[in-house]
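Remarks on the overall topology
So the chains spell out like this:
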Amino acid sequence: MNGWPALDRFLRTDPRDVGCAQAMEMLHVYAELVAAGEPAEERYPGIAAHLHACGPCGEDFAGMLAALRDAPG
Amino acid sequence: MTGPLLAGRPQPPMQDELLLRIARRELARRGPRLAITGPELDDLAYQAAADALLAITGKVRQFRGESRFTTWAYKCVMLEVSAKIGRHFWRHPSVPLGTEQWGAAAGPVRLRPSARGGVAGPGRRRAPGRGHRAHPRQREVFAAIVVNGVPLDALVVSLGSSRGAIYKVMFDARRKLRAALAANGYLPDDAARDS
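Right, let's get into the overall build of chain B. Along its length, chain B carries eight helices and zero strands. Across chain B, helices and strands are ordered from the amino to the carboxyl terminus as α-α-α-α-α-α-α-α. For chain B, with 195 residues in total, the buried portion stands at 35%. Excluding contacts between residues fewer than 6 apart, the proportion of contacts in chain B whose partners are at least 24 apart in sequence is 77%.

Okay, structure coming up:
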């Protein structure tokens, strides 16, 4: 933790955050939108808020994007 | 976990091969941060791919066609990879669980506002209400993750819980701790600013 601003960022919670279950439920749809360059954050702001805040779900999302970008066709 | 992929390591069918490839690639992507290498990493990939296949088979009726099927299948692989990494963490348990180090996490609370230039004057300081106090479960989870550095998915295994449940506990703990710090003038009070 790097000082008060970092602590403040860490402790802040986003009321739009949908939580892990809902984010995981739609992760494949969200990841495809992002991979296609669509405005996924605007369409699913609650999922975007969650993926920014939740390390494990964010990691799964990053893995999904890497898989989609490497996948043929 | 004893899926067909693990039993003597046969040549996997094509769909298994895709899952295994994705699992291997994902573990390689996360590898540098995991301190897992070589055969152990490959074992995890086989386990994750085999369990992902079981999950896909069991949940295939839940697929609603909102994405490509392979994308949905990749999600199953990612979730299994995360679960396997969470379990693997406890094979080398160097991290104690408990709230004995909670004081370290609460360290910043003991600072005076003036020590960092003062966000708020003394007049704004007030005693935190009961709603700002963390429950024992919140303290336990917060201390494990923030103080002891236990990965959330590993804590899920240790506590026999779910990622969503642990995240919710952390979410509430973060909100309460921030409210308490704001009430005492250590952090900006958003409620006061917005009113």
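Back to the text.
When helices and strands are counted, chain A shows six helices and zero strands. From first element to last, N terminus to C terminus, chain A shows the α and β order α-α-α-α-α-α. Overall, the C-alpha framework of chain A stretches about 45 × 25 × 20 Å when taken along its three principal axes. Across the 73 residues that make up chain A, the buried fraction comes to 34%. Across chain A, the fraction of contacts at a sequence separation of at least 24, relative to all contacts at a separation of at least 6, is 65%.

Residue and element names in this part refer to chain B. Of the residues in chain B, 69% reach a pLDDT of 70 or more, and the chain-wide mean stands at 78. Least confident of the elements in chain B is helix H4 (residues 102–105), whose mean pLDDT is 38; most confident is helix H3 (residues 69–89), at 95. Per-residue pLDDT stays below 50 along residues 96–125; that stretch engages in 36 contacts with residues further than four places along the chain or on separate chains. Taken together, the chains of this predicted complex give a pTM of 0.79 and an interface ipTM of 0.91.

With that settled, the discussion passes to the domain arrangement of chain B. All names here are of chain B. Each domain of chain B was delimited in the assignment, giving domain 1 (14–89) and domain 2 (102–194). Taken together, the six residues of domain 1 in the interface contact five residues of domain 2. Split by residue class, the side of domain 1 that touches domain 2 holds three nonpolar, two polar and one charged.

Attention now moves to the packing of helix H3 (residues 27–35) of chain A against H3 of chain B. One way to put it is that H3 of chain A packs onto H3 of chain B with a least axis distance of 9 Å and a crossing angle of 120°. Of the two elements, H3 of chain A crosses H3 of chain B, and the hand of that crossing is right-handed. Within the contact between the two elements, H3 of chain A uses Leu27, His28, Ala31 and Glu32 of chain A and H3 of chain B uses Thr71, Trp72 and Lys75 of chain B. Tallied by class, residues from the contact of H3 of chain A with H3 of chain B come to three nonpolar, two polar and two charged.

Okay, the confidence of the model for chain A next. Summary statistics for chain A give a mean pLDDT of 93 and a share of 95% for residues scoring 70 or more. No element of chain A has a lower mean pLDDT than helix H1 (residues 3–11) of chain A, which averages 89, and none a higher one than H3 of chain A, which averages 98.

Those residues of helix H5 (residues 136–147) of chain B that fall on the buried side of the exposure criterion are Gln138, Val141, Phe142, Ala143, Ala144 and Ile145 of chain B. Following H5 of chain B by one or two positions, glycine 149 of chain B adopts a phi angle in the positive range, close to 70°.

Procedures and definitions
Residues numbered from 1 in each chain as written. Chains lettered and ligands numbered in written order. Predicted model: local features only at pLDDT ≥ 70, side-chain atom pairs only at ≥ 80, totals over all residues. Helix = DSSP H or I, 4+ residues; strand = E, 2+ residues; numbered from the N terminus. Buried ≥ 20, exposed ≤ 12 C-beta atoms within 10 Å, placed from the backbone. Contact = placed C-beta atoms within 7 Å. pLDDT = per-residue confidence, 0-100. Domains from an automatic or database assignment. Nonpolar A, V, L, I, M, F, W, Y, C, P; charged D, E, K, R; others polar. Axes fitted to C-alpha atoms, helices over the stretch in contact; angles between N-to-C directions. Left-handed = near helix turned anticlockwise from the far one by under 90°.

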